[in-house]
Amino acid sequence: MTKFPILVKTSQKVKHPKVPPIRPLRPYEEMVGWDMIEMGYHNVLRGQRKYTREAVNYDLLCEVNNVELWRELKAIGPRPDPARRQAEYKPGPYRHKIITEPKTRSLHIPTLRDKIVQIDIHEALQDIYRPVFVDRSFACLHGKGPIRAALNVQHDMRVARMKWGENAAVIKIDVRKFFYSIDRRVLKQLLAKRFKKLKKKHPEFYEDLLRFYRLLCKVIDSSPEGETGVPLGNVSSQDFANIVLNELDQFCIRFLGAKLYTRYADDAIILAPDKETAREWLAKIKQFVKDRLHLDLNSKTKIFYMRQGVNAYGYKIKATHLELRTTSKQKEKRRIKAMIAKLREGRKTRQEIQQEVNSWLGFARWASAYNLAKKIFAPYRWIKVEGELPYGAISRNRAARRVLQQRNDPQAARQTVAA
């Protein structure tokens, strides 16, 4: 019998991310039909996005606009037809925007009706490609993200330490200007390769696959990036990136035998037994990426010992714990000072600042940063960090929190300030 039965009971009720089941292959009319258009329309207008000028104008005649979009998508046939070319769906112009955080990037944002189509494409591609994606890919997939990628790297570091000791090496891979340098011909070939395999299993959906492939080609060719690249700002661009780099995943895991592998977008972390093996693997990876995918690795790609820790996915990852990056700490200090200045001017409320702080705490709480958070927000007593709770315990239920509090400070058990 354990000393804390509540914690055992709590661990059995851990909430795992809800991952929808993979739907079987569907006709084209169901992949981008009326029900999917309505679903995409409601997703596009979630939160504050429904108050933009474009969203309000579209929503004034939402039924008319959705029906028109549905007819254009339905007009796409399995093969080009000059008689129906004018009635087929065509992506609209993109809106250009440059952002500076976390670094300078050039975005091309589609129109609202194009976002609806791309959300439908995203859902269909998830069902088509999730069976062939590896479990160690964490970008733009249900139930995954940068935090889970960092935890996966940490798990691999512990395994590598047990298997190979302190001589284990890390290969950190980063593709140079990835989204802007994707070869569209390679992307279309990979899509056609997957659809041919589906055609063999489901010959009755051959015409539907051709229609969906033509729709994907229209979205790919609408990119304003030039002859290569996909727009950084499209929902579908993340799916296309996963489709391209799935070839790298398969090569590293199945051909090189690199089982301790993690990839989020174009950042991949591979653990090798020693530096000699790591150099050999990296040389083969560079050749494969250049010959097969027509991509290049940038100067961030390097090899180092695992004991140095891995700086990736927003953390400094070590086998024992996670640390926040120095840049993340500095940005949060500047950010809270700017928010307090807006509060004194009356442009922000305390509730809004608490919500923005919580967004950073949700990321920082996975690292060993409890004392850091207390220090940053100490001058502002009204900002609640986590009270008397151990850092990270806020995700537990109330009964488990009481046990943890009593273990650390019995007097503070009923003085919690965390929700």
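Everything numeric in this text was worked out from a predicted model, so none of it was measured. (Residues numbered from 1 in each chain as written. Predicted model: local features only at pLDDT ≥ 70, side-chain atom pairs only at ≥ 80, totals over all residues. Heavy atoms only, no water.)

K.L.:
Kindly report on the sheet that holds strand S5 (residues 267–272), identifying the contributing residues and their values.
P.N.:
Taking strand neighbours across the sheet as the criterion, the four strands line up as S4-S5-S3-S6 in an open arrangement whose pairing is antiparallel. Each having just a single partner strand, strand S4 (261–264) and strand S6 (302–305) make up the two edges of the open sheet. Neighbour-to-neighbour, the strand axes of this sheet turn through a mean angle of 20°, independent of strand direction. With six bridges joining them, strand S3 (residues 169–174) and S5 adopt antiparallel strand pairing. Across the sheet, residue aspartate 174 finds its bridge partner in S5, namely aspartate 267. Its contacts with the sheet place helix H7 (residues 146–164) against S4 and S5, and it is angled at close to 165° to S4. Lying on the sheet, helix H11 (residues 235–255) is in contact with S4 and S5; it crosses S4 at an angle near 170°. (Pairing = 2+ DSSP bridges. Helix = DSSP H or I, 4+ residues; strand = E, 2+ residues; numbered from the N terminus. Axes fitted to C-alpha atoms, helices over the stretch in contact; angles between N-to-C directions. Contact = heavy atoms within 4.5 Å.)

K.L.:
Explain the packing of helix H9 (residues 184–201) against H11 to me, using residue names and the numbers behind them.
P.N.:
When two helices pack together, their arrangement is captured by the angle between the axes and the distance separating the axes. It is at 10 Å that the axes of H9 and H11 come closest, and there the two elements cross at 80°. The angle between the axes of H9 and H11 places the two elements in the roughly perpendicular class. For the pair H9 and H11, contact is made by Leu187, Leu190, Leu191 and Lys193 and by Phe240, Ile243, Val244 and Glu247, respectively. (Parallel < 35°, antiparallel > 145°, perpendicular 65-115°, else oblique.)

K.L.:
Tell me what's going on with the pairing of S5, and back it up with residues and numbers.
P.N.:
Counted residue by residue, S5 has five buried out of six residues, so it is predominantly covered. Note: S4 against S5, four bridges, orientation antiparallel. Paired with tyrosine 261 across the two strands is isoleucine 270, which belongs to S5. Where S4 hands over to S5, the hairpin turn is made up of two residues, of which alanine 265 adopts a positive phi near 60°. (Buried < 20%, exposed > 50% of the residue type's maximum accessible area, 1.4 Å probe, protein only.)

K.L.:
Residue-level account of the nonpolar core, with values.
P.N.:
One finds Leu73, Phe212, Leu215, Phe240, Ile243, Ile270 and Ile285 to be the most contacted residues of the largest nonpolar core, which totals 75 residues. Contacts of phenylalanine 240, omitting those with residues within four sequence positions, involve Leu125, Leu187, Leu216, Val219, Ile220 and Val230. Membership of the second largest hydrophobic core comes to 38 residues, among which are Ala149, Ala373, Phe377 and Tyr380. (Core = buried A, V, L, I, M, F, W, Y, C linked by side-chain atoms within 4.5 Å.)

K.L.:
If you had to explain helix H14 (residues 350–364) to someone new, which residues and values would you point to?
P.N.:
With 15 residues, H14 ought to run about 21 Å at 1.5 Å a step, and its terminal C-alpha atoms sit 21 Å apart, in line with that. Next to the buried residues of H14 lie strand S9 (322–324), helix H13 (326–345) and helix H15 (370–376). (Expected span 1.5 Å × (residues − 1).)

K.L.:
For the environment of aspartate 59, give the residues involved together with the corresponding values.
P.N.:
With respect to the element layout, aspartate 59 can be found in helix H4 (residues 53–60). Residues contacting aspartate 59, with those up to four places away along its chain left out, are Tyr41 and Leu45.

K.L.:
Tell me about unusual backbone geometry, residues and numbers included.
P.N.:
For cysteine 140, which is not glycine, the phi dihedral falls at a positive 55°. Summarising the element assignment, cysteine 140 is placed in the loop between helix H6 (112–129) and H7. For cysteine 140, a relative accessible area of 22% gives the class partly exposed. In this structure, lysine 177 is a non-glycine residue whose phi angle is positive, near 45°. Position of lysine 177 relative to the elements: it lies in the loop between S3 and helix H8 (178–181).

K.L.:
Could you give an account of the confidence of the model for the protein chain, naming the residues involved and the relevant values?
P.N.:
Per-residue confidence for the protein chain averages 86 on the pLDDT scale, and 88% of its residues sit at or above 70. Across residues 388–395 the pLDDT falls below 50, and counting only partners more than four positions away or on other chains, this stretch makes 27 contacts in the model. (pLDDT = per-residue confidence, 0-100.)

K.L.:
Describe a nonpolar patch on the surface, naming the residues involved and giving the relevant values.
P.N.:
Residues Val56, Leu60, Leu61 and Val64 make up a contiguous nonpolar surface patch of about 390 Å² in total accessible area. Its location among the elements puts valine 64 in helix H5 (residues 62–74). (Patch = residues over 30% accessible without salt bridge, like charges linked within 9 Å, V, L, I, M, F, W, Y side chains within 5 Å. Areas by Shrake-Rupley, 256 points an atom, 1.4 Å probe, with all protein chains shown as cover. Salt bridge = Lys/Arg side-chain N within 4 Å of Asp/Glu carboxyl O.)

K.L.:
Go over the side chain of glutamine 118, please, and point to the residues and values.
P.N.:
Mapped onto the secondary structure, glutamine 118 falls in helix H6. One polar contact links glutamine 118 to asparagine 234, side chain to side chain, over a distance of 3.3 Å. Residues contacting glutamine 118, with those up to four places away along its chain left out, are Tyr94, Pro110, Val219, Asn234, Val235 and Ser236. (Polar contact = N/O pair within 3.5 Å; in protein donor to acceptor, adjacent residues only side chain to side chain.)

K.L.:
How would you sum up empty space enclosed by the protein? Please name residues and give values.
P.N.:
If you roll a probe as big as a water molecule over the atoms, it shows you where there is empty space left. Inspection of every chain in the model, using the stated rule, returns one cavity of 30 Å³ or more. Its boundaries defined by the atoms lining it, the largest cavity holds a volume of some 30 Å³. Looking at side-chain class alone, the lining of the largest cavity contains five nonpolar, two polar and one charged residues. (1 Å grid on protein atoms, 1.4 Å probe; cavity = no way out; pocket = protein on both sides within 12 Å on 5 of 7 lines; lining within 4 Å. Points joined across faces, edges and corners; volume = space filled by probe spheres on them. Nonpolar A, V, L, I, M, F, W, Y, C, P; charged D, E, K, R; others polar.)

K.L.:
Explain the packing of H13 against H14 to me, and be specific about the residues and the numbers.
P.N.:
As a packed pair, H13 and H14 sit with axes 10 Å apart at the nearest point and diverge in direction by 175°. As judged from the angle between their axes, H13 and H14 are roughly antiparallel. Seen from H13, the contacting residues are Ser328, Glu332, Arg335, Ile336, Met339, Ile340 and Leu343; seen from H14, they are Arg350, Ile353, Glu356, Val357, Ser359 and Trp360. Looking at side-chain class alone, the contact of H13 with H14 contains seven nonpolar, two polar and four charged residues.

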